[in-house]
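Letter by letter, the chains look like this.
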Amino acid sequence: MAYALLVFTTDFGLADAYAGVMKGVALTINPDLRLIDLTHQVQPQNIAQGSFLLGINHSYFPQDAVHVAVVDPGVGTDRSPVLLSTPWGRFVAPDNGLLSGVIAVYLSSMPAAASSVTLPPGLTAVHLTNPKYWRHPVSDTFQGRDIFTPVAAHLTLGVPPGDMGKAIDSLYYLPMHQPRHKDGKITGQVVYRDVYGNLVTNILAKALPAGAPMEVRIKGRSIFGIRRTFNDDPHSGDGGLIALTGSHGYLEVAVPNGNAAVLLEAGEGEAVEVVALSS
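All values derive from a computational prediction rather than experimental measurement.

About the criteria used
Residues numbered from 1 in each chain as written. Predicted model: local features only at pLDDT ≥ 70, side-chain atom pairs only at ≥ 80, totals over all residues. Heavy atoms only, no water. Helix = DSSP H or I, 4+ residues; strand = E, 2+ residues; numbered from the N terminus. Expected span 1.5 Å × (residues − 1). Contact = heavy atoms within 4.5 Å. Pairing = 2+ DSSP bridges. Right-handed = clockwise from strand over helix to strand, strands pointing away. Core = buried A, V, L, I, M, F, W, Y, C linked by side-chain atoms within 4.5 Å. Buried < 20%, exposed > 50% of the residue type's maximum accessible area, 1.4 Å probe, protein only. Polar contact = N/O pair within 3.5 Å; in protein donor to acceptor, adjacent residues only side chain to side chain. Phe/Tyr/Trp six-rings, centres within 6.5 Å; stacked < 30°, edge-to-face > 60°. Salt bridge = Lys/Arg side-chain N within 4 Å of Asp/Glu carboxyl O. Axes fitted to C-alpha atoms, helices over the stretch in contact; angles between N-to-C directions. Parallel < 35°, antiparallel > 145°, perpendicular 65-115°, else oblique. Left-handed = near helix turned anticlockwise from the far one by under 90°. Nonpolar A, V, L, I, M, F, W, Y, C, P; charged D, E, K, R; others polar.

## Looking at helix H1 (residues 18–29)
With 12 residues, H1 should cover 16 Å at 1.5 Å per step; its first-to-last C-alpha distance of 17 Å lies within 8% of that length. Looking at the packing, one finds that the buried side of H1 touches strand S1 (5–10), strand S2 (34–39), strand S3 (66–70) and helix H4 (143–156).

## Things to note about the pairing of S2
Bridge count for S1 against S2 is five bridges, and the pairing is parallel. Its bridge partner being in S2, Leu6 is matched across the sheet by Leu35. Crossover S1 to S2 through H1 is right-handed.

## A short note on the nonpolar core
Grouped together as the largest cluster of nonpolar side chains are 27 residues, with contacts concentrated most on Phe52, Leu84, Leu99, Ile103, Leu119 and Leu171. Listing elements by their share of this core, those giving two or more residues are helix H2 (47–57), strand S4 (81–86), strand S5 (89–94), helix H3 (100–104), strand S9 (170–173) and strand S11 (185–193). The element best represented in this core is H2, accounting for four residues. Among all residues touching Leu119, those that are not within four sequence positions of it are Leu84, Ile103, Thr124, Ala125, Ile168, Asp169, Ser170 and Leu171. Counting 23 residues, the second-largest nonpolar core is a separate cluster that includes Leu6, Phe8, Val68 and Ala153.

## Section: the side chain of His58
Tracing the backbone shows His58 in the loop between H2 and S3. Within the local environment of His58, its side chain forms a polar contact with the backbone oxygen of Gly55, the two atoms lying 3.2 Å apart. Filtering out sequence-adjacent residues up to four positions away, His58 remains in contact with His67, Trp88, Phe91, Val102 and Val105.

## Quick word on the packing of aromatic side chains
For the coordinates displayed, the defined rule picks out five aromatic pairs. Centre to centre, the rings of Tyr18 and Phe142 are 5.5 Å apart; their planes meet at 80 degrees, and the pair counts as edge-to-face. Placement of the pair is Tyr18 in helix H1 and Phe142 in the loop between strand S7 (124–128) and H4, with a sequence separation of 124 residues. Here Phe142 falls in the buried class, since its relative accessible area comes to 10%. Taken together, the aromatic side chains of Phe12, Tyr18 and Phe142 make up a single cluster linked through ring pairs.

## Section: unusual backbone geometry
With an omega of -5 degrees, the peptide bond running from His136 to Pro137 counts as cis. Mapped onto the elements, Pro137 comes out in the loop between S7 and H4. Backbone geometry at Glu265 places phi at a positive 50 degrees, although glycine is not the residue there. With a relative accessible area of 68%, Glu265 lands in the exposed category.

## Notes on the pattern of salt bridges
As enumerated under the stated definition, the model contains seven salt bridges in all. Across the pair Glu215 and Arg217 runs a salt bridge, and its minimum N-O distance is 3.2 Å. Judged by relative accessible area, Glu215 falls into the buried class, the value being 8%. Residue class for Arg217 comes out partly exposed when judged on its relative accessible area of 32%. Linked through salt bridges whose partners overlap, the residues forming this network are Lys185, Glu215, Arg217 and Glu273.

## Structural notes on the sheet that holds S5
An order of S2-S1-S3-S5-S4-S7-S8 is seen for the seven strands of this open sheet, with the pairing classed as mixed. In this open sheet, the two strands that pair with only one neighbour each are S2 and strand S8 (165–168). Between one strand axis and the next, the sheet turns by 25 degrees as a mean value, whatever way the strands run. Across six bridges, S4 lies against S5 in antiparallel orientation. Its bridge partner being in S5, Leu84 is matched across the sheet by Phe91. Seen against the sheet, H2 touches S1, S2, S3 and S5 and runs at an angle of roughly 125 degrees to S2.

## Some thoughts on the packing of H1 against H4
H4 packs onto H1 with a crossing angle of 40 degrees between their chain directions and a minimal axis gap of 9 Å. Of the possible angle classes, the one that applies to H1 and H4 is oblique. Once H1 is placed against H4, the crossing between them reads as right-handed. For the pair formed by H1 and H4, the contact residues are Val21, Met22, Val25, Ala26 and Ile29 on the first element and Gly144, Arg145, Thr149, Pro150, Ala153 and His154 on the second. Among the residues making up the contact of H1 with H4, the classes are represented as seven nonpolar, three polar and one charged.

Structural measurements only, silent on function.
Listed below in structure tokens is the structure:
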């Protein structure tokens, strides 16, 4: 079977039945499927967060995986259901910017503003218009169950993307805020707060000055140096704060065995500065 793995990314949480119902629909169509959750804990309606998590994590799955991504505050409106095919997976999702993190991997330059972008070479997309591959009746408020999951499950059975609808050459792109570099200072922001309270920024570690001593500033606190692990020197920061490179390659602020988000009363959008210090 060519596409036997379905990966789910949603903001449905785990308290309600939504995530489980989608899996039931998928298995009804293809009982031999393997099902994996990337996460169902995207912050509700936070398309940008879903895009970030999908973008940095999808490459850890097999190249032939099919992804169902549903963070869809516009469900039932005129936003389009789409299928994006890439060299590293197929993605069934609303065309609302949720796939931006995946698309960004293949773009030579990043759009500065939210807009429709032409797909780069190697990517193809389909507007899902063929109801033959949907579950009926289709709910106006739960298209993850009735459109996205059924389409993805049929893909795993070998149905060609072209049978699902009309080919399109562009998708809606929601850019992630980019850090500013000026006069030896990088100004970025927190883009994700994880379950430990670690504050992940949009500053790539590879963009930091190599070998230079650095100060990381957030909410009036100063953190000197970049740690290698969470426990290199847990008592040297301001209030126990440390800065380090996360496994995703982005700079993050943490408290060893604590919670930086709670300590700082900070979350997404909080400004973060990195200053290169004179040696």
